[in-house]
Amino acid sequence: MSVKHGLLAILALGDDYGYRLRGEFDRRTTPDTPLNVGQAYATLDRLERDGLVERAAVDAQGHVFYRITADGRDVLERWWASPVTASASRDELPNKVALAASLDGVDVFGVIAVQRAWALDLVQQLDADLSALPPTPQGDIAWIGLEARRRRSLAELDWLEATSARLRVHDAVFDVGTDMPRRGRPANRATASVGVQDASSNRPRG
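Residues numbered from 1 in each chain as written. Predicted model: local features only at pLDDT ≥ 70, side-chain atom pairs only at ≥ 80, totals over all residues. Heavy atoms only, no water.

*Asks:* Please provide a residue-by-residue account of the pairing of strand β2 (residues 53-58), values included.
*Replies:* Relative to strand β3 (residues 64-68), β2 runs antiparallel, the two being bridged by five bridges. Within β3, the residue paired with Glu 54 across the bridge is Arg 67. Hairpin connection between β2 and β3: a loop of five residues separates the two successive antiparallel strands, and Gly 62 in this loop has a positive phi of roughly 90 degrees. (Pairing = 2+ DSSP bridges. Helix = DSSP H or I, 4+ residues; strand = E, 2+ residues; numbered from the N terminus.)

Here's what the structure looks like:
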């Protein structure tokens with residue numbers, strides 16, 4: 001799963017701090033690859049370095065809040081509009097769809113449609129490649145790999161259809177958790193001058 005894009009997607013709901021972002025990430029994705037808090041903060045550091053998030057405020061408990069920037073929103077929108085390709089990790093697609101389904105303001109059926117169109121194109125290309133194989137031992141070896149990819153793509157299409165049908169019956173969107181542990185990166189001199197507020201009290205939706 002892309003931790004970078006997952007954290008940006010959650011920050012699009014409103015400012016928050018690292019420990020709660022980690023909790024929201026785990027709530028909104030499949031349980032196979034839980035995110036540890038060190039990875040969450042390391043990713044936030046890289047996002048800040050790249051100008052995709054910025055430090056927003058420090059609350060009375062010393063939690064450093066992060067805010068998504070305009071560049072971060074652009075990166076996130078491109079991610080939602082792009083398919084998960086075969087080069088991605090195996091859990092990328094189900095986690096992306098799960099995250100989209102849980103977030104208010106994200107068109108999960110649009111995400112599924114983008115992925116379905118990509119998978120259909122891939123199946124058609126693989127069908128053409130398989131038809132062009134020569135009836136030789138080399139052709140047989142090539143068939144093994146191509147047919148494996150074709151069958152995985154067909155299975156993906158079946159899963160996308162089943163997922164879409166279930167989500168049309170069950171609305172998976174849920175609010176930001178209010179029972180997260182109140183831990184977080186402490187303020188330092190670089191953040192203390194930003195101002196003090198509890199940004200969790202006015203998280204915008206959308």
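*Asks:* Account for the packing of aromatic side chains, with residues named and values stated.
*Replies:* Scanning all chains against the criterion turns up two aromatic pairs. Pairing Tyr 17 with Phe 65 gives two aromatic rings, centres 5.3 Å apart and planes at 80 degrees, and the pair type is edge-to-face. Pair noted here: Tyr 17 is in strand β1 (residues 16-17) and Phe 65 is in strand β3, with a separation of 48 residues, a long-range link. Directly above the ring of Tyr 19 sits Arg 22, whose terminal nitrogen or CZ lies 5.6 Å from the centroid. (Phe/Tyr/Trp six-rings, centres within 6.5 Å; stacked < 30°, edge-to-face > 60°. Lys NZ or Arg CZ within 6 Å of the ring centre and 35° of its normal.)

*Asks:* Describe the nonpolar core, listing the residues and the values that go with them.
*Replies:* If you look at the biggest cluster of nonpolar residues, it comprises 42 residues, and the most contacted ones within it are Leu 7, Leu 8, Leu 44, Leu 76 and Trp 80. Counting residues per element, this core draws most heavily on helix α1 (residues 3-11), at six residues. (Core = buried A, V, L, I, M, F, W, Y, C linked by side-chain atoms within 4.5 Å. Buried < 20%, exposed > 50% of the residue type's maximum accessible area, 1.4 Å probe, protein only.)

*Asks:* I'd like a description of the layout of surface pockets, backed by residues and values.
*Replies:* Of the volumes computed, that of the second largest pocket is approximately 240 Å³. Lining the second largest pocket are 17 residues; nearest its centre among them are Leu 76, Glu 77, Trp 80, Gly 105 and Val 106. Elements with a contribution of two residues or more to the lining of the second largest pocket: α4 (70-80) and α6 (108-131). Residue contributions to the lining of the second largest pocket peak at four residues, all from α4. Considering only residue class, the lining of the second largest pocket consists of ten nonpolar, three polar and four charged. (1 Å grid on protein atoms, 1.4 Å probe; cavity = no way out; pocket = protein on both sides within 12 Å on 5 of 7 lines; lining within 4 Å. Points joined across faces, edges and corners; volume = space filled by probe spheres on them. Nonpolar A, V, L, I, M, F, W, Y, C, P; charged D, E, K, R; others polar.)

*Asks:* Could you give me a rundown of the sheet that holds β2, with the residues and numbers involved?
*Replies:* The sheet built from three strands is open, its strands ordered β1-β3-β2 with antiparallel pairing. The sheet is open, and its two edges are formed by β1 and β2, each paired on a single side. Packing against the sheet, helix α3 (residues 37-49) makes contact with β2 and β3, and its axis sits at approximately 115 degrees to β2. (Contact = heavy atoms within 4.5 Å. Axes fitted to C-alpha atoms, helices over the stretch in contact; angles between N-to-C directions.)

*Asks:* Can you explain the side chain of Glu 147? Please cite residues and give values.
*Replies:* As for its placement among the helices and strands, Glu 147 is situated in helix α7 (residues 137-169). Under the relative-accessibility criterion, Glu 147 is labelled buried at 8%. A distance of 2.8 Å separates the side chain of Glu 147 from the side chain of Arg 151, its partner in a polar contact. (Polar contact = N/O pair within 3.5 Å; in protein donor to acceptor, adjacent residues only side chain to side chain.)

By themselves, these observations are geometric and do not establish any function.
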